[in-house]
Amino acid sequence: MQKKYERIVAWVQQEIESGALSRGDKLPSENDLMERFGVSRQTVRRAMEELTEKNVVEGRRGSGTYVTANTRRLTGKEIRIAVMLTYVDTYIFPSIIKGIESVLSREGCILQIAMTDNAVEKERTLLREFIHTQSVDGIIAETVKSALPNPNMELYRELEKLGIPVLFVNNYYKELSIPHISMDDRRAGYLAARHLTECGHTRIGGIFKADDGQGHLRYAGYTDALMEQEIKIRGDQVIWIDSEELRTMEEESAKFVKRLKGCTACVCYNDETAYKLVNILSKAGRRVPEDISIVGIDNSGVAKFCPVPLTSVENPAEELGRTAAESIVGKILRNENMETQEFMPKLVMRSSVQVIHEM
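Caption draft 1: How the structure looks around the nonpolar core. Judged by nonpolar contacts, the single largest core of 26 residues is most densely connected at Ile81, Ile96, Ile100, Leu104, Ile140, Val169 and Ile328. Looking at this core, the elements with two or more residues in it are β3 (80-85), α5 (93-107), β6 (166-169) and α14 (317-334). With 7 residues, the single largest contributor to this core is α14. In this structure Ile96 touches Val169, Asn170, Ala317 and Gly321, once residues within four positions along its chain are discounted.

Caption draft 2: The arrangement of the sheet that holds strand β7 (residues 180-183) in detail. In space, the 6 strands of this open sheet follow the order β4-β3-β5-β6-β7-β13, with parallel pairing throughout. Among the strands making up the open sheet, the edge pair consists of β4 (110-115) and β13 (341-343). Strand-to-strand twist across the sheet, computed as the mean angle between neighbouring axes with direction ignored, equals 15°. On top of the sheet, α5 reaches β3, β4, β5 (138-141) and β6; it is set at about 160° to β4, its chief contact.

Caption draft 3: Quick peek at the packing of helix α1 (residues 4-18) against helix α3 (residues 41-53). In the contact formed by α1 and α3, the axes pass within 8 Å of each other and the chain directions differ by 50°. Viewed along their axes, α1 and α3 adopt a mutual orientation that is oblique. Crossing hand, α1 versus α3: right-handed. For the pair α1 and α3, the contacting residues are Lys4, Tyr5, Ile8, Val9, Val12 and Gln13 in the first and Thr43, Val44, Arg46, Ala47, Met48, Glu50 and Leu51 in the second. When grouped by side-chain class, the residues that make up the contact of α1 with α3 number 8 nonpolar, 2 polar and 3 charged.

Caption draft 4: Up close: the sheet that holds strand β14 (residues 346-348). The 6 strands lie next to each other as β9-β8-β10-β11-β12-β14, forming an open sheet whose pairing is mixed. Looking along the sheet, the strands with just one partner apiece sit at the ends: β9 (238-241) and β14. Direction aside, the axes of adjacent strands within the sheet are offset by 20° on average. Pairing analysis gives 3 bridges linking strand β10 (residues 265-268) to strand β11 (residues 293-298), with the strands arranged parallel. Paired with Ala265 across the strands is Ser293, a residue of β11. Docked against the sheet, helix α8 (residues 185-198) engages β8 (204-209), β10, β11, β12 (311-314) and β14, running at close to 160° with respect to β11. Here helix α12 (residues 271-283) sits on the sheet and contacts β8, β10, β11 and β12; the angle it forms with β11, its principal contact strand, is near 155°.

Reading the values: rules and limits
- Residues numbered from 1 in each chain as written.
- Predicted model: local features only at pLDDT ≥ 70, side-chain atom pairs only at ≥ 80, totals over all residues.
- Heavy atoms only, no water.
- Core = buried A, V, L, I, M, F, W, Y, C linked by side-chain atoms within 4.5 Å.
- Buried < 20%, exposed > 50% of the residue type's maximum accessible area, 1.4 Å probe, protein only.
- Helix = DSSP H or I, 4+ residues; strand = E, 2+ residues; numbered from the N terminus.
- Contact = heavy atoms within 4.5 Å.
- Pairing = 2+ DSSP bridges.
- Axes fitted to C-alpha atoms, helices over the stretch in contact; angles between N-to-C directions.
- Parallel < 35°, antiparallel > 145°, perpendicular 65-115°, else oblique.
- Left-handed = near helix turned anticlockwise from the far one by under 90°.
- Nonpolar A, V, L, I, M, F, W, Y, C, P; charged D, E, K, R; others polar.

Everything listed here is a matter of geometry and, on its own, says nothing about what the molecule does.
Here you go:
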């Protein structure tokens, strides 16, 4: 004979299967359920405990009990994962997507690609759409200008309240407790600068992104390596640029040539920055690596096919994508915890660094 609390459990599950209750919906109050089923408060609470143990619902202090189960899965609908990147078809992003797609196709999930163009307003539009339609089961997101104040934090929190898991890839917002899958960017900056010090350089400049959290972390690693060797960090030889200035670097070439005057080496925020710097210096009559050595970060195709093949710190982009996809699928299908993972980078040496012996 079915126990009283089991009747409530069966009713909630049936409401979910029929589509009457969806993920993020609030269940009737304890009083309403007591009246509906003619049972005691203790019986209702026993039913909620059972549903919580099955990861169907969760109680929120002062608010009530909400459906957290993936109702699309329970009703036989396909699982859809949105991948929201700043850019899609350039630089390291195709590798990230390749890694994600390999996992989602294996798991029978649908990949939905969205692009923010690294713009806060477009990020906001996409997040609002995900909240309004609840058409996706999880979101893998690359952050937008993560070093700057962002008005979209509450939208990410709203997604979490709806039971739609979010995982950051390649970067993250430090204001949120959402896990991220990335390279250890501070270590990457450190490896780039340490390699230059090991090659005898002491006058080492740097170019870093000001509006990107990765830029700040890579700068921190750069300063770690210089201080380790008691090399003076000269602010006038560190150039901060934002996303727009990165795209138009060559239009401001005189600034870069002037600021790096006297430097024998430079750590660049990424390979794209390094590639453009090689062109700028070449037009100014400065040879790489004979006059100035350059190290990039990411070890992208840009590094390999630069006029001077670039020494670069490898960003395991495809592995980041696979790991992010495995993590979010595990959360959606098996309610596994998602955890932050930062991959250790490694240096890939090519032709852009010269060993010198300074007095």
